Amino acid sequence: VTELLTHGRLQRWQAAVSAAAGVAVAAGLFAVTPMQGRADFVVVGYMCAVAGYLVTAARIEGRRQAVDRFFHALIVTAVATCLLALGAVLVYTAARGAGAIKPSFFRNTMNGVGVRDTTGGAYHAIVGTMEQVLLASLLAVPAGLLVAIYSVEYGRGRLATILRTTVDVMTGVPSIVAGLFIYAFWVLGLHQGFSGFAAALALALLMLPIVVRSAEESSVSCRRRCARPATPSASRGGARCCRWSCRRRRPASPPVSCCRWRGSPARPRRCC
Amino acid sequence: VQTLDVHVADEAPPAPPIERLGDRLFRWITTGVGLAVTILLLVVSVFLLAKAGPALSKAGIHFFTEKQWFPDLEPAKFGVAALVFGTVLSSVLALVIAVPVAVGSALYVSEYAGPAAGRIVGWLIELLAAVPSVVFGLWGVLFLQPRMIPMQRWLAHHLGFIPLFKNPDNQFGGSMLLAGVVLALMVLPIVAAVTREVFAQVPDELREAAYGLGATRWEMIRTVVFPFGRNGMIGAIVLGLGRALGETIAIALVLAATYDVSFRITRPGGNTIAANIATKFGEAGSTGRSALVASGLLLFAITLVVTIVARGVVTRQARFAEGRP
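Rules used throughout
- Residues numbered from 1 in each chain as written.
- Chains lettered and ligands numbered in written order.
- Predicted model: local features only at pLDDT ≥ 70, side-chain atom pairs only at ≥ 80, totals over all residues.
- Heavy atoms only, no water.
- Helix = DSSP H or I, 4+ residues; strand = E, 2+ residues; numbered from the N terminus.
- Rg over C-alpha atoms; globule rule 2.2 N^0.38 Å.
- Buried < 20%, exposed > 50% of the residue type's maximum accessible area, 1.4 Å probe, protein only.
- Polar contact = N/O pair within 3.5 Å; in protein donor to acceptor, adjacent residues only side chain to side chain.
- Contact = heavy atoms within 4.5 Å.
- Salt bridge = Lys/Arg side-chain N within 4 Å of Asp/Glu carboxyl O.
- Core = buried A, V, L, I, M, F, W, Y, C linked by side-chain atoms within 4.5 Å.
- Axes fitted to C-alpha atoms, helices over the stretch in contact; angles between N-to-C directions.
- Parallel < 35°, antiparallel > 145°, perpendicular 65-115°, else oblique.
- Left-handed = near helix turned anticlockwise from the far one by under 90°.
- Nonpolar A, V, L, I, M, F, W, Y, C, P; charged D, E, K, R; others polar.
- Patch = residues over 30% accessible without salt bridge, like charges linked within 9 Å, V, L, I, M, F, W, Y side chains within 5 Å.
- Areas by Shrake-Rupley, 256 points an atom, 1.4 Å probe, with all protein chains shown as cover.
- Buried area = accessible area lost by both parts, 1.4 Å probe.
- Expected span 1.5 Å × (residues − 1).
- Arc of directions from axis to C-beta.

1. Re the overall build of chain B
Phase 1 of the analysis: Per the secondary structure count, chain B includes twelve helices and two strands.
Phase 2 of the analysis: Helices and strands appear in chain B in the N-to-C order α-α-α-β-β-α-α-α-α-α-α-α-α-α.
Phase 3 of the analysis: Since a compact globule built from 325 residues should have a radius of gyration of about 20 Å, the 25 Å found for chain B marks it as more spread out than a globular shape.
Phase 4 of the analysis: By its C-alpha atoms, chain B is 80 × 60 × 30 Å across when sized along the principal axes.

In structure tokens, the structure reads:
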């Protein structure tokens, strides 16, 4: 039975042998022709191994299976490339940076530190980063949540359309343009000067659309999940409008707080 | 059950909602914040335009045709021709490199890997999105640049008959190709994430049907997954393009900044709008800053168009996947 099932299929050992033959061909090429270098050998050897594997597959299984295996190999190569690049970035950064991580790195600033000195640290940068991110979050998170609630719960009419377009536009703003926005508006226009607060404003500009989008998404999906079965009874039970999430409902209200129910139960509309 | 629901619904139309004071207040607050955000963005854009005005009126039409960037000299000589060219070229290179890899890894996650392996690979690729761009830039200039010189030399020597790879000076370093590779790593996660989502929406019935007709896995992908996800893939690519166009600090670190228009991607040189703003801002005088703001405005306009196109395409895909018109 095994023979029946495996007949005409590429066996593991056949694949391995043909791949090894490919590597051998590559090694021969490097011995005879002027090709050299370790990285070159890895690349050429890999290509030869895959080529050998595919030729064997085509001989045994036919063209369609070989094409299938070719793209399988290509896709695995793509994933390997991704992971290799990620690994290179992480490992190199960690290896090069590890030497600088010592207590003074967290304690000292670069104030009065010369180019050749080894005493400097990133204390100021760490504090500054936290300060500005915190400030930006304080500005962007409440505003973003409220915008998302507006867009999901009340969002009808022209203002809502304009607001959604605005948020769409903001998602695409490059960080350098956000910086220029605040430079032209806050620093030049309102004569406030360069400051950490101005930086936080620019960061808030970048954060806002992300907060809005993810809040909208979770709110809408939450509502979809809860809206369907219970809506008719909920609205007949006098469910109040404008509860923006399942979790934020009042204990006394019906099991699912939802907006006015219009249209078919399968498709709850935006309402209120 | 469906008919029963409809029946009940017909019999008892839902009661009108009761809006209490808190509800009304809340509505006002959210509406106010929404309005404020819209107005704020409008005001900020007006300021940007106003501050770009002096440089634009000084340069006139030369702002779009001049390649050099000397806004603070007398007479001033500056324009965005080389910058726009470099911005588009580096982004297109990035996409050419990133898209096949991103689509391949998305296919791996959705079609080839088991649930556990797929989740791990997806997570790792998202980790790539968590790396700050300045780390990519430093990595590009310290790690990748020396390691890519042999490859670029090989390209120039063996494929030099293609004008793209020609390098008559035989100098290698911070080239457009290097910038393209670094940018590719940065747009890869977003392209992979969006395409993966699109592929995940392909109905299993269609997959089973293709297999049932005797298709191999690749034939199934070609005949079912790709046609179904075409719009979404285009949207993902355009989203990645928007990301690449605006990338600043990595490019500023990696590219050997020159102001020329050249397709020789293995030669050091070239510049982008965003990188130019970052590197020139500190030393610029008043006209210089105005000129930088003007170039930023142009970048904003370009990314605006790209973002709107991407949104449109992605929304259409979402509708298509949900079976709505």
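2. Describing the side chain of T307 of chain B
Phase 1 of the analysis: In this fold, T307 of chain B is placed in helix α12 (residues 286-322).
Phase 2 of the analysis: Its relative accessible area of 9% is what places T307 of chain B among the buried residues.
Phase 3 of the analysis: Here T303 of chain B takes part through its backbone oxygen, which lies 2.5 Å from a polar atom of the side chain of T307 of chain B.
Phase 4 of the analysis: Apart from the residues lying within four places of it in its own chain, the contact partners of T307 of chain B are D168, T171 and G172 of chain A.

3. Observations regarding the pattern of salt bridges
Residues and elements named next belong to chain A.
Phase 1 of the analysis: Throughout the structure, instances matching the rule amount to seven salt bridges over all chains.
Phase 2 of the analysis: Among the salt bridges present, the one from R69 reaches E61, with a minimum N-O distance of 2.9 Å.
Phase 3 of the analysis: The class for E61 is buried, based on a relative accessible area of 13%.
Phase 4 of the analysis: The shortest N-O distance in the salt bridge between R213 and D168 comes to 2.4 Å.

4. Structural notes on the nonpolar core
Phase 1 of the analysis: In terms of nonpolar packing, the biggest core is built from 69 residues, with F136 and L144 of chain B touching the most fellow members.
Phase 2 of the analysis: For this core, the elements supplying multiple residues, two or more each, are α4 (63-98) of chain A together with α4 (81-112), α5 (115-129), α6 (133-158), α7 (176-200), α9 (217-245) and α10 (249-254) of chain B.
Phase 3 of the analysis: Counting residues per element, this core draws most heavily on α7 of chain B, which supplies 17 residues.
Phase 4 of the analysis: Apart from residues lying up to four places away in sequence, L144 of chain B is in contact with W139, L178, V181 and V182 of chain B.
Phase 5 of the analysis: Judged by nonpolar contacts, the second largest core, of 59 residues, contains V167, A178 and L180 of chain A together with A294 of chain B.

5. Digging into the packing of α6 of chain B against α7 of chain B
All names here are of chain B.
Phase 1 of the analysis: It is at 8 Å that the axes of α6 and α7 come closest, and there the two elements cross at 135 degrees. If you check the angle between α6 and α7, you find them oblique. Relative to α7, α6 is oriented so that their crossing is right-handed. For the pair α6 and α7, the contacting residues are S133, F136, W139, G140, L144, Q145, M148, M151, Q152 and L155 in the first and L177, L178, V181, V182, L185 and M186 in the second.
Phase 2 of the analysis: Grouping the amino acids of the contact of α6 with α7 by side-chain chemistry returns twelve nonpolar, four polar and no charged.

6. Points about the side chain of S290 of chain B
All names here are of chain B.
Phase 1 of the analysis: Relative to the assigned elements, S290 resides in helix α12.
Phase 2 of the analysis: For S290, a relative accessible area of 6% puts it in the buried group.
Phase 3 of the analysis: Ignoring anything within four residues of it in the chain, the contact list for S290 reads K51, A52, P54 and A55.

7. Some remarks on a nonpolar patch on the surface
Residues and elements named next belong to chain B.
Phase 1 of the analysis: A cluster of nonpolar side chains, contributed by V134, L138, L142, I249 and L253, occupies part of the molecular surface with about 350 Å² of accessible area.
Phase 2 of the analysis: Going through the elements one at a time, α6 and α10 are the ones with two or more residues in the nonpolar patch.
Phase 3 of the analysis: Ranked by the residues each element gives to the nonpolar patch, the list is headed by α6, at three residues.
Phase 4 of the analysis: You can see L142 is positioned in helix α6.

8. Digging into the interface of chain B and chain A
Phase 1 of the analysis: With 69 residues of chain B at the contact, the number on the chain A side is 62 residues.
Phase 2 of the analysis: In total, chain B and chain A occlude about 6,100 Å² of area from one another, counting both sides; carbon and sulfur atoms represent 79% of this.
Phase 3 of the analysis: For the interface between chain B and chain A, the tally reads one salt bridge.
Phase 4 of the analysis: Put simply, chain B and chain A have five residue pairs in polar contact (both at pLDDT 80 or more) between them.
Phase 5 of the analysis: Ranked by the residues each element gives to the side of chain B that touches chain A, the list is headed by helix α2 (residues 21-59) of chain B, at 18 residues.
Phase 6 of the analysis: Tallied by class, residues from the side of chain B that touches chain A come to 45 nonpolar, 15 polar and nine charged.

9. Re the environment of A85 of chain A
Phase 1 of the analysis: Within the secondary structure layout, A85 of chain A lies in helix α4.
Phase 2 of the analysis: Taking the C-alpha atoms as reference points, A85 of chain A and L203 of chain A, separated by 118 residues in sequence, lie 28 Å from one another.

10. Looking at unusual backbone geometry
Phase 1 of the analysis: The phi angle at H191 of chain A is positive, at roughly 55 degrees, despite the residue not being glycine.
Phase 2 of the analysis: When you line up the elements, H191 of chain A lands in the loop between α8 (175-189) and α9 (196-236).

11. So, α5 of chain B
Side chains that are three or four residues apart share a direction in an α-helix, a result of its 3.6 residues per turn.
Phase 1 of the analysis: Taking 1.5 Å of rise per residue, the 15 residues of α5 of chain B would be expected to cover 21 Å, and the 21 Å separating its terminal C-alpha atoms lies within 8% of that figure.
Phase 2 of the analysis: Residues G118, V121, G122, I125 and L128 of chain B constitute the buried set of α5 of chain B. Seen along its axis, α5 of chain B keeps its buried residues to an arc of 100 degrees; they face one direction. Those residues of α5 of chain B that are exposed and angled more than 90 degrees off the buried face are P115, R119, I120 and W123 of chain B.
Phase 3 of the analysis: Turning to α5 of chain B, the residues buried within the fold contact α4 of chain A together with α4, α6 and α7 of chain B.

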